[in-house]
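As a plain string of letters, each chain reads:
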Amino acid sequence: MTSRIVLLHGIWNARAWVGPLAWRLRAQGFTVDTFGYPSVFGGPEVAVPQLVERLHAAGPVALVGHSLGGLVALEALRVAPELEVPRVVCLGSPLCGSETARALASHGWSAALGRSGGLLRHGLPEWKGRAEVGLVAGSVPHGLGALLGAVHADSDGTVALAETRLPGLADHCVVAASHSGLVLSPEGALQTAAFLREGRFLQRPVRQVA
C-alpha cells in the first residue's frame with residue numbers, strides 16, 4: 001500500500017474542486033497531490049499522455065478520480081500498464097458510459113463535453129489491468145442527468161448506478177451523496193481511504209466525521 005495519492009477532477013472542474021476530498025485524505029494520513037487537465041478543450045487525448053508522463057516520474061502512487069477523472073485514470077493505466085499504480089478509486093465515474101452525456105449530445109449540446117465526449121458516452125471495456133480498482137457511487141439523485149430525464153432514482157443525479165458497475169472492479173460501494181457531493185462526502189472519503197489501505201471498502205456503517 002502506498003500513502004501517496006494523486007487526485008483527478010471531473011469535467012468542467014479544476015484542481016480546486018477536489019480540495020475538500022484532498023483535505024479529508026490528508027487527515028487520514030495520506031500525502032495528496034492533484035492533477036489538473038483541460039477536460040473540455042483538451043480531453044483524454046491531452047490528459048492521458050500528460051498523466052502517464054507524470055506517473056512515470058512519480059514512483060508508486062495511488063489514483064483517485066472523480067467522474068471523468070476516474071475514466072482518465074484507468075485509460076492512462078490501460079495505455080501504460082507498466083505504471084506503478086497499485087490501486088485506483090473512482091468516485092461516481094460512468095465507467096460503462098454515460099446516458100447523461102448521450103442525452104446532452106442528442107439535445108445538440110455535445111460541444112459542452114468537448115473532446116471528452118467520446119470517452120464519457122462510450123466508457124471503458126472490462127478492467128483487466130494490474131491495479132485494483134474500487135468505485136464509490138452516490139445514491140442521492142440530484143443533478144444534471146435527473147433534470148434531463150437521462151437517469152432516475154438509482155443514480156447520483158448524473159450517473160446511474162448501473163453505469164458504475166464495470167466488470168473487473170475489485171470492489172464497489174454506495175454512499176448517500178449526489179454526483180457533485182461525492183467530493184464533499186465524509187463517508188466517501190472514509191471509504192476511499194479504506195480501499196486504498198486494504199483493497200476493499202468498509203462493509204459496516206462508517207462513522208460520519210466533519
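Going along each chain's sequence as written, the residues are numbered from 1 onward. Residue-level local features of this predicted model are given only where pLDDT is at least 70; pairs of side-chain atoms are given and counted only at 80 or more, and the full residue set underlies all totals for whole chains, interfaces and linings. Remark: hydrogens and water are excluded; side-chain values derive from all non-hydrogen atoms of the structure.

Some remarks on the packing of aromatic side chains
Next, step 1: In summary, the pairing rule links any two rings of Phe, Tyr or Trp, Trp by its six-membered ring, whose centres are within 6.5 Å, and it sorts them by plane angle into stacked for under 30 degrees, edge-to-face for over 60 and tilted for everything else. Under the definition given, this model contains 2 aromatic pairs.
Next, step 2: Measuring from centroid to centroid gives 5.9 Å for Phe35 and Tyr37, while their planes differ by 20°, and the two rings are stacked.
Next, step 3: When a residue's accessible area, from a 1.4 Å probe over protein chains only, is under 20% of the maximum for its type it is buried; when over 50% it is exposed; and in between it is partly exposed. Using a relative accessible area of 4% as the deciding quantity, one classes Phe35 as buried.
Next, step 4: In this structure Tyr37 comes out as buried when scored by relative accessible area, which is 7%.
Next, step 5: Plain terms: the ring middles of Phe195 and Phe201 are 5.1 Å apart, the flat faces sit at 35° to each other, and that makes the pair tilted.
Next, step 6: For Phe195, a relative accessible area of 0% corresponds to the buried category.

Overview of the sheet that holds strand β3 (residues 62-66)
Sheet strands associate in pairs through backbone hydrogen bonding, adopting either a parallel or an antiparallel arrangement.
Next, step 1: Should DSSP find at least two bridges between two strands, the strands are taken to pair. Comment: elements are numbered from the N terminus, with helices defined as DSSP H or I runs of at least four residues and strands as E runs of at least two. The strand order across the open sheet built from 6 strands is β2-β1-β3-β4-β5-β6, with neighbouring strands paired in parallel fashion. Each end of this open sheet is capped by a strand with a single partner; those strands are β2 (31-35) and β6 (171-175). Strand-to-strand twist across the sheet, computed as the mean angle between neighbouring axes with direction ignored, equals 20°.
Next, step 2: Bridging between strand β4 (residues 87-91) and strand β5 (residues 132-138) involves 5 bridges; their strand directions are parallel. Bridge pairing in β5 links Val89 to Gly134. Note on method: axes are straight lines fitted to C-alpha atoms, helices fitted across the in-contact stretch only, with angles between N-to-C directions ranging 0 to 180 degrees.

Some words on the pattern of salt bridges
Next, step 1: We define a salt bridge as a contact between a side-chain nitrogen of Lys or Arg and a carboxyl oxygen of Asp or Glu at a distance within 4 Å. Enumeration over the complete set of coordinates arrives at 4 salt bridges.
Next, step 2: With a shortest N-O distance of 3.0 Å, Arg102 and Glu99 are connected by a salt bridge. Of this pair, Arg102 and Glu99 both sit in helix α4 (residues 99-106), 3 residues apart, which is roughly one turn of the helix.
Next, step 3: Judged by its relative accessible area of 31%, Arg102 is partly exposed.

Digging into the pairing of β4
Next, step 1: With 5 of 5 residues buried, β4 lies mostly within the body of the structure.
Next, step 2: Judged by which residues are buried, β4 turns out to be covered on both faces: Arg87, Val89 and Leu91 on one side and Val88 and Cys90 on the other are all buried.
Next, step 3: Pairing geometry for β3 and β4, over 4 bridges, is parallel. Paired with Val64 across the two strands is Val89, which belongs to β4.
Next, step 4: By convention, a crossover is right-handed whenever its connection, traced from the first strand over the helix to the second and viewed with the strands pointing away, goes clockwise. Read from β3 through helix α3 (residues 68-79) to β4, the crossover connection turns out right-handed.

Considering α3
Next, step 1: When the terminal C-alpha atoms of α3 are compared, their 17 Å separation across 12 residues agrees well with the 16 Å that a helix rising 1.5 Å per residue should span.
Next, step 2: The buried count for α3 comes to 10 of 12 residues, which makes it a mostly enclosed element.
Next, step 3: What makes two residues a contact is simply this: any of their non-hydrogen atoms within 4.5 Å. Close packing links the buried residues of α3 with β1 (4-8), α2 (44-56), β3, β4, α5 (117-122) and β5. Multiplying 1.5 Å by the residue count of a helix minus one yields the expected span of that helix.

Here we look at the confidence of the model for the protein chain
Next, step 1: On average, residues of the protein chain score 88 in pLDDT, and 88% of them are at 70 or above.
Next, step 2: A low-confidence stretch, residues 206-210 (pLDDT under 50), is modelled with 11 contacts involving residues beyond four sequence positions or located in other chains. Within a predicted model, pLDDT stands for the predictor's per-residue confidence, ranging from 0 to 100.

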